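# An overview of the molecular structure
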Amino acid sequence: MSQSNIPLSHLRALYAMMCRIRAFEDAAEIASKGGVAAFGQAAGSTAHVRGPLHLSTGQEAVPAGVCAHLRPADYMTSTHRGHGHTLAKGADLAGMMHELFGKATGFCGGRGGSMHIADFSVGMLGANGVVAAGIPIAVGAAQSIKIRASHGNPDAIAVTFFGDGAINRGPFAESLNWAAAFKLPLLFVCEDNQWSATTKTGAMSAGEGAAARARAHGLVAETVDGNDVGAVSETARALIADIRQGKGPALLHARTYRFKGHVSVDPAAYRDPKELEAALEHDPLVLAARKLIQLGINVADVDSIMQAAREEVAAAVASADGAAWPDDAAAFTEIQSMGAGQWL
Amino acid sequence: MAVMTYAAAAASALNDAMRADPAIVALGEDLGRGGIFGQYAGLLAAFGPERVIDTPISEATIVGAAVGMALTGLKPVVEMRVIDFALCAMDEIVNQAAKNRFMFGGQGRVPAVIRMPIGVWTSSAAQHSQSLESWFAHVPGLVVLAPATPQDNHALLKAAIACGDPVAYFEHKELWPLQGEVDADQRTEIGKAAIRRVGSDITIVSWSKAVHWSLEAAEALAAEGIQAEMIDLRTIWPWDRDAVFASAAKTGHVLIAHEAVQAAGFGAEIAATLAEAGNAKLARLGAKRAPVGYAPNLEAAVRVTPAVIAAKARALLGR
């Protein structure tokens, strides 16, 4: 499998980000065992990460490659499978793990969890529990950049990540049209892991998919091997450069694969094991590591990148485990200003 | 002090607000032509297409984009044309706008005003005539407002834009041409009801168009020697319990009257709250649980008219 030719230092940085995402997802998965009751699994009391946990394991090259070209002033919206996007946008890893654990020290003070992970301070405007719901929010952020152009960052952009399942919801079609009609600085990224929850997307989607639908609305659209981080990065770089220059919205269709089930407790018994075996041969981390070695980095150095990521995550897990729960009073704060206290 | 219509009062308030704060934008269908009821008249010429945004017919994205704008420093005023169309944007209103502040731990605010005109309106039938304000009162995070007069439409719209919360803002389509005096400097506080008529025998609580019909009913009752106190709630959430409870303590009888369907209408919430306090005889009055029909007589059959309100008041008083 060929990797695009990108500078070694850049590939190394991308690999390091992918390792952080992989390590984060692996640790979150372990911490979620015995969590939410679904897929025949009973809920236990031992899980540190309760509630639905949607893992992006296997999809790391997409956020790493795209977000390498983003700045803090750029906005992002994400999905229920949003840990990778959030990390790659620059959010603090420990703050994220604390939020998954439901602790007061998490990004949302324990109010949001995995599905509402966010770090507004780096422009990450939220994961979302509703498929496709982040897309119109990014449209608004992009329009806001245009409206407020005189106030600071005229070449900022917005990026919205969504899955292949989302292209069958109305807000995707509305937003493609809207973004093109207003020529907004917005990059749509369809992170195509081939599964809509527990059903194959291809089995219920007409036409040629996300890129074709975008082109039908007049957008530039590129399809890329979403497990080739160099290719994702190079393609995103070009699209983002054009968007910054005011050429209007574009769509990046990144074909990847979800190694895990829909949620962490889902063993994905509904899929052919051969499909996963084939996908694992095309693990984006393995491909990138191989390329780094080809380019002259020794194996021990490559391993040390993953080792460092695992250590960072282990420290985050330990600190999240020891952190305090939110005060009970937090159930009734940050709701609204008018009528605050009138909760009955 | 100027005399203007309920629609013109809204346009005037928005004009004042947009002039004072460049972060305020308006978006929705047909705003370039002043909105389908003229409630945005003159704003495009005054502020240009970047701030008075004509949108595609894409309700979900209109509200979703407003959330994105609000999170990034703007204060959007969103037009849904009629509340019936806002049902295409319920995820964006209920899951995205209302819950954003809480679920992200207070990182963001959604200072968006979502205007959703309600009410029966000249044979507009089942999909253009609904009054669904109670749905939104059920959702934590939202402020719910329903002005009944030009003065309140001016002052409450300004208050809604300034309050910093997402606001479900309900204007009544039959009130657009209503004329009234408007003092542009007068403030109406969110959460404060208005006592439209003072009386001692019975309290009638209402909002929006039904305020006017309740006042007509009160006049009819007065001719019979019954003095009704009429409270215009104005704010559905957070509603003015102090005003309602004070009046209930005085009259001992409370009738809540609204145009929305009675079953699970907001009148039920007020009645239940009063019932728990146990200090008044209660009745509530809303439309029968039927879609609004097209033919004039079918439409009239579900309306809460002055005669219907007065009859209910008499029954409550045992007269």
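As a starting point, this report considers the structure included with it. (Residues numbered from 1 in each chain as written. Chains lettered and ligands numbered in written order. Predicted model: local features only at pLDDT ≥ 70, side-chain atom pairs only at ≥ 80, totals over all residues.)

### Focus on the overall build of chain A
Filter applied, for reference: We count a stretch as a helix when DSSP gives it H or I for four or more residues in a row; a strand needs E for two or more, and each element gets its number in order from the N terminus. Think of it as a crowd count around each C-beta: if 20 or more other C-beta atoms lie within 10 Å the residue is buried, if 12 or fewer it is exposed, and in between it is partly exposed, with C-beta placed from the backbone throughout. It is the C-beta atoms, placed from the backbone, that decide contacts: two residues are in contact if theirs lie within 7 Å.
Broken down by element type, chain A carries 11 helices and 7 strands. Taking the principal axes of its C-alpha atoms as reference, chain A extends roughly 55 × 50 × 40 Å. Within chain A, the fraction of its 344 residues that count as buried is 54%. Across chain A, every contact between residues at least 6 apart in sequence was considered, and the portion connecting residues at least 24 apart equals 75%.

### Re the interface of chain B and chain A
Opposite the 38 residues of chain B that make contact, chain A presents 37 residues. When residues of the side of chain B that touches chain A are traced back to their parent elements, those giving at least two are α3 (59-71), α5 (90-97) and α6 (100-103) of chain B. The element best represented in the side of chain B that touches chain A is α3(B), accounting for 9 residues.

### Section: the sheet that holds strand β2 (residues 24-28) of chain B
Residues and elements named next belong to chain B. Cut-off, in case you're wondering: Here a strand pair is declared whenever DSSP counts at least two bridges between the two strands. Where helices are involved, their axes are fitted lines through C-alpha atoms of the stretch in contact, as for all axes, and angles between N-to-C directions lie from 0 to 180°.
The strand order across the open sheet built from 7 strands is β3-β2-β4-β5-β7-β6-β12, with neighbouring strands paired in mixed fashion. Across the chains shown, the open sheet's two edge strands, defined by having one partner strand only, are β3 (52-54) and β12 (235-237). Going across the sheet, the axis of each strand differs from the next one's by a mean of 20°, ignoring polarity. The pairing of strand β6 (residues 143-145) with β12 spans 2 bridges and is classified as antiparallel.

### Side note on the pairing of strand β3 (residues 186-192) of chain A
All names here are of chain A. Put simply, the rule reads: Whether a crossover is right-handed depends on one test, that the path from the first strand over the helix to the second runs clockwise when the strands point away from the viewer.
Along β3, 7 of the 7 residues are buried, which leaves the element largely enclosed by surrounding structure. Side chains of β3 alternate between two faces, with Leu-186, Phe-188, Cys-190 and Asp-192 and Leu-187, Val-189 and Glu-191 buried alike. Of the strand pairs in this sheet, strand β2 (residues 158-163) and β3 are connected by 6 bridges, and their pairing is parallel. Each bridged residue has a counterpart across the sheet, and for Phe-162 the counterpart in β3 is Cys-190. Each parallel crossover has a hand, and for β2 linked through helix α6 (residues 170-181) to β3 it is right-handed. As defined by bridge partners, β3 adjoins strand β7 (residues 250-255) across 6 bridges and the pair is classed as parallel. Each residue of the ladder has a partner; that of Leu-187, found in β7, is Ala-250.

On their own, these measurements won't tell you what the molecule is for.
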